[in-house]
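A look at the structure
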Amino acid sequence: MTESTLIDAGGSAAGAGALLSILRDGRPRTRAELAQLTGWARSTLSLRLDALMHQRLVAPTDDAIHSGGRPATTFTFNQSARVVLAADLGVTHARLAVTDLATIPLAERSAEMPIDRGPEPVLTWLIETFRELLGECGRSLADVCGIGVGLPGPVEHGTGTPVNPPIMPGWDRFVVPQWLSARLGVPVLVDNDVNIMALGEYWAVRSQVQHMIFVKVGTGVGCGIISEGRIHRGAQGAAGDIGHIRVPSFEEVVCRCGNIGCLEAVAGGGALAARLREAGEDASVSRDVVDLVRAGNVQAVQAVRQAGREIGMVLAWVVNFFNPSLIVVGGDIAEAGEHLLAGVREVIYSRSLPLATQHLGILASELGDRAGVTGAAVMVIEHVLAPDVVDQAVTA
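Attention in this report is confined to the structure presented alongside it. If you're wondering where the values come from, they're calculated on a predicted model, not measured in any experiment. (Residues numbered from 1 in each chain as written. Predicted model: local features only at pLDDT ≥ 70, side-chain atom pairs only at ≥ 80, totals over all residues. Heavy atoms only, no water.)

What follows is about the pairing of strand β10 (residues 188-192). Most of β10 is tucked away, with four of its five residues classed as buried. Relative to β10, strand β7 (residues 144-151) runs parallel, the two being bridged by five bridges. Across the sheet, residue L151 finds its bridge partner in β10, namely N192. (Buried < 20%, exposed > 50% of the residue type's maximum accessible area, 1.4 Å probe, protein only. Helix = DSSP H or I, 4+ residues; strand = E, 2+ residues; numbered from the N terminus. Pairing = 2+ DSSP bridges.)

Following this line, the structure appears as structure tokens:
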């Protein structure tokens, strides 16, 4: 969004939040420049600028602009004013981070943490780890503006509550935001893990793309949708759940959701590990599959490439329906390199409409396993720094 659009959308009533939206690009500006951009009187601008400085969201820079007279002070967004706690919880693995207001990590940790231990054990570990990370970077809970959490299952967006997650026993309807907020005293936002991965990838490296699909191929398979620069969640937050689309010719494969032939049960990392294990290979989880591929194991390479074809078959339908300009593939199995992408490209380009694939890019995630925590941080930042939320904070 351009500066002029921000001002036109909010006008002089937009207040301090609209002013902060301008300064969040990191470019220092003088009072005169800000007055010109907003159209506000100098007194109005000073009032709102002072309110933002009181909240430490804006700070004067060390460099003044000299134009022959008195040096003009410049002001910029203070990205270190607050910190964000971000968590990407997978089926077997978790990554946590403390970031500043520009998603730059200040402390980070990755650990094995099976989601099937249940909500209270996992979230208790989450709180303890967050406290340790805050200590590592010299910050406290008083500096935290919010917590973002990604979960590996369907999440009702309006409430942040997991609903009938097939691989998360004990989590159904567990009130994650309220449970965490009651113990840490800050706002908590929760979303599906692939949505936050899509958001992180888009925000950090793909913001020029308006229509993008992020496909996570880990233990399961999921899809995050960016439409016109925004996450598309659907009516209840279930958009993009391609892992439970039925793949033809796999009627004998039973999925954890109870249906048969689901893409996840055919091409997910858990399914690949089980198939290789039956063939005598040492594979328990999706990361073991990647290790076998990197070691040159022929069976693993063939399995991953075929998984790419099955995923490509489902994505070909999605491409014809949604017409994205970019498909980004991430998750554990994507770390196997071009083998997965080759299978995906092979089927999509052969089965989708020529117009839909004319300028379609299919690439690996640039953020890799950091996409989730980046997106979780972005989710919080975009919420707490939204103009109306900032206006309420400075007024209070």
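Back to the text.
Moving on, we come to the packing of aromatic side chains. Tallied over the entire structure, the rule returns two aromatic pairs. Taken together, a centroid distance of 6.3 Å and an interplanar angle of 50° make the contact between F174 and W179 tilted. Residues F174 and W179 agree in their burial class; the two are buried. In this structure an aromatic cluster arises from ring pairing among W171, F174 and W179. Over the ring of W40 we find R48; its NZ or CZ atom is 4.6 Å from the centre of that ring. (Phe/Tyr/Trp six-rings, centres within 6.5 Å; stacked < 30°, edge-to-face > 60°. Lys NZ or Arg CZ within 6 Å of the ring centre and 35° of its normal.)

A word on the nonpolar core. Counting residues in hydrophobic clusters, the biggest one holds 46 residues, and the most contacted among them are L19, L20, L52, L57, L101, M212 and L385. Top element by residues in this core is helix α14 (residues 371-384). It accounts for nine residues. Not counting residues within four places of it along the chain, the set of residues in contact with M212 comprises A198, E201, Y202, R206, G224, I225, I226, F322, P324, L326 and V328. Within the second largest apolar cluster, 42 residues are counted, among which are V217, V293, I327 and I348. (Core = buried A, V, L, I, M, F, W, Y, C linked by side-chain atoms within 4.5 Å. Contact = heavy atoms within 4.5 Å.)

Another point: the sheet that holds strand β11 (residues 211-217). Taken together, five strands build an open sheet; the order of strands is β13-β12-β11-β14-β15 and the sheet is mixed. Only two strands of the sheet have a single neighbouring strand rather than two, namely β13 (230-231) and β15 (361-364). The sheet contact formed by β11 and strand β12 (residues 221-227) spans seven bridges and is antiparallel. Residue H211 lies in a different strand from β12, and its bridge partner there is S227. On the sheet, helix α7 (residues 193-205) packs against β11, β12, β13 and β14 (326-330) and is oriented at approximately 130° with respect to β11. Across the sheet, helix α12 (residues 338-351) touches β11, β14 and β15, and the angle it forms with β15 is around 165°. (Axes fitted to C-alpha atoms, helices over the stretch in contact; angles between N-to-C directions.)

Take the sheet that holds strand β4 (residues 83-89) next. As summarised here, the arrangement of the five strands in space is β6-β5-β4-β7-β10, forming an open sheet in which the pairing is mixed. Two strands lie at the open edges of the sheet, namely β6 (105-112) and β10, each paired on one side alone. Between one strand and the next, the sheet's axes are offset by a mean angle of 15°, whatever the strand orientation. Sheet contacts for helix α6 (residues 176-184): β7 and β10; angle to β10, the most-contacted strand, approximately 150°.

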